[in-house]
Each structure stands twice: as structure tokens, then as C-alpha cells.
Amino acid sequence: MCTSAPDLVDATKTRHYFADYEVYDAGQCIAWGQVALACATPGAVVQALRTLAAAQQGVAAAAIRLRSVSRL
């Protein structure tokens with residue numbers, strides 16, 4: 001049993017995230033990589049990570065599959 005309280009969301013605090021991703025084309029994995037991001041709004045993290053990974057690979061954000069996302 002966990003007795004620790006969850007973190008309170010502080011809109012002024014920047015959090016750092018790391019993601020491992022794969023790039024898919026026609027159902028086939030064609031590339032993979034990692035990306036890191038500093039973001040103050042947790043709700044926008046997934047889309048921001050996908051957009052950043054897509055820019056690194058030169059593909060559309062829809063081609064990115066995030067395998068894992070970790071808050072650092």
C-alpha cells in the first residue's frame with residue numbers, strides 16, 4: 001500500500017519528460033529514437049512529445065508511436 005500523497009499540480013513548475021518512440025510507415029516500424037522535453041502543462045505532454053519526435057524524423061506526428069513516457 002502506498003501512503004504517499006500525489007504531487008499537486010503547480011502550473012508554474014516546469015517538469016521534464018523522456019520518451020522512447022517508434023516510427024511506423026504502412027504498418028511497419030521503420031525507425032526508433034528517444035526524445036526529451038521540458039513542459040509546464042502535463043496535459044500537453046503526449047502531443048508535444050509526438051510532435052518533437054516527428055520533427056526529428058521528418059514524418060507526420062501520426063506516424064509516431066510512443067512506447068514509454070517517463071517524468072524525470
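Treat the numbers as computed from the prediction; the structure is a model and nothing was measured. Within each chain, residues carry numbers counting from 1 in the order of the written sequence. A pLDDT threshold of at least 70 governs which residues receive local features in this predicted model, and a stricter bar of 80 or more applies before side-chain atom pairs are shown or counted, although totals over entire chains, interfaces and linings include all residues. Calculation of side-chain values draws on the structure's entire complement of heavy atoms; hydrogens and water are dropped beforehand.

## Description of the side chain of Glu 22
Then step 1. Helix numbering and strand numbering both begin at the N terminus, where a helix is a DSSP run of H or I of at least 4 residues and a strand a DSSP run of E of at least 2. Position of Glu 22 relative to the elements: it lies in strand β1 (residues 15-25).
Then step 2. Here a polar contact is recorded for every N or O atom pair within 3.5 Å, except that within protein the pair must consist of a potential hydrogen donor and a potential acceptor, and residues adjacent in sequence are included only if both atoms are side-chain atoms. A distance of 2.8 Å separates polar atoms of two side chains, one belonging to Glu 22 and the other to Tyr 24.
Then step 3. Reaching out from Glu 22, the side chain makes a polar contact with the side chain of Arg 65 at a distance of 2.7 Å.
Then step 4. Contacts between residues were defined by any pair of non-hydrogen atoms, one from each residue, lying within 4.5 Å. Excluding residues within four positions of it along the chain, Glu 22 makes contact with Cys 29, Ala 31, Trp 32, Ala 63, Ile 64, Arg 65 and Arg 67.

## Observations concerning the sheet that holds strand β2 (residues 28-39)
Each strand in a sheet pairs with its neighbour through backbone hydrogen bonds, running either in the same direction (parallel) or in the opposite one (antiparallel).
Then step 1. Two strands pair if DSSP finds at least two bridges between them. Within the open sheet, the 3 strands sit side by side as β2-β1-β3. Their pairing is antiparallel. This sheet does not close on itself; its edge strands, each paired only once, are β2 and β3 (64-71). Here the strands of the sheet are splayed against their neighbours by 15 degrees on average, with no regard to which way each runs.
Then step 2. With 11 bridges joining them, β1 and β2 adopt antiparallel strand pairing. Bridging from a neighbouring strand, Tyr 17 pairs with Leu 37 of β2.
Then step 3. Axis definition: a line fitted to C-alpha atoms, over the contacting stretch in the case of helices. Angles run 0 to 180 degrees between N-to-C directions. Its contacts with the sheet place helix α1 (residues 45-57) against β1, β2 and β3, and it is angled at close to 125 degrees to β2.

## Observations concerning the nonpolar core
Nonpolar side chains tend to gather and get buried jointly when the protein is soluble and globular.
Then step 1. Throughout, nonpolar core names a set of buried Ala, Val, Leu, Ile, Met, Phe, Trp, Tyr and Cys residues whose side chains join them through atoms within 4.5 Å. Between buried and exposed lies partly exposed: a residue is buried under 20% and exposed over 50% of the maximum accessible area for its type, with that area taken using a 1.4 Å probe on protein chains only. Counting 14 residues, the largest nonpolar core has Tyr 21, Val 23, Leu 49 and Ile 64 as the members making the most contacts within it.
Then step 2. For this core, the elements supplying multiple residues, two or more each, are β1, β2 and α1.
Then step 3. The contacts of Tyr 21, once residues within four sequence positions are left out, are Trp 32, Gly 33, Gln 34, Val 35, Ala 53, Gln 56, Gln 57, Ile 64, Arg 65, Leu 66 and Arg 67.

## Here's the deal with the side chain of Asp 20
Then step 1. By secondary structure assignment, the location of Asp 20 is in strand β1.
Then step 2. By relative accessible area, which is 17% here, Asp 20 ends up buried.
Then step 3. Setting aside residues no more than four positions away along its own chain, Asp 20 makes contact with Gly 33, Gln 34, Arg 65, Leu 66, Arg 67 and Ser 68.

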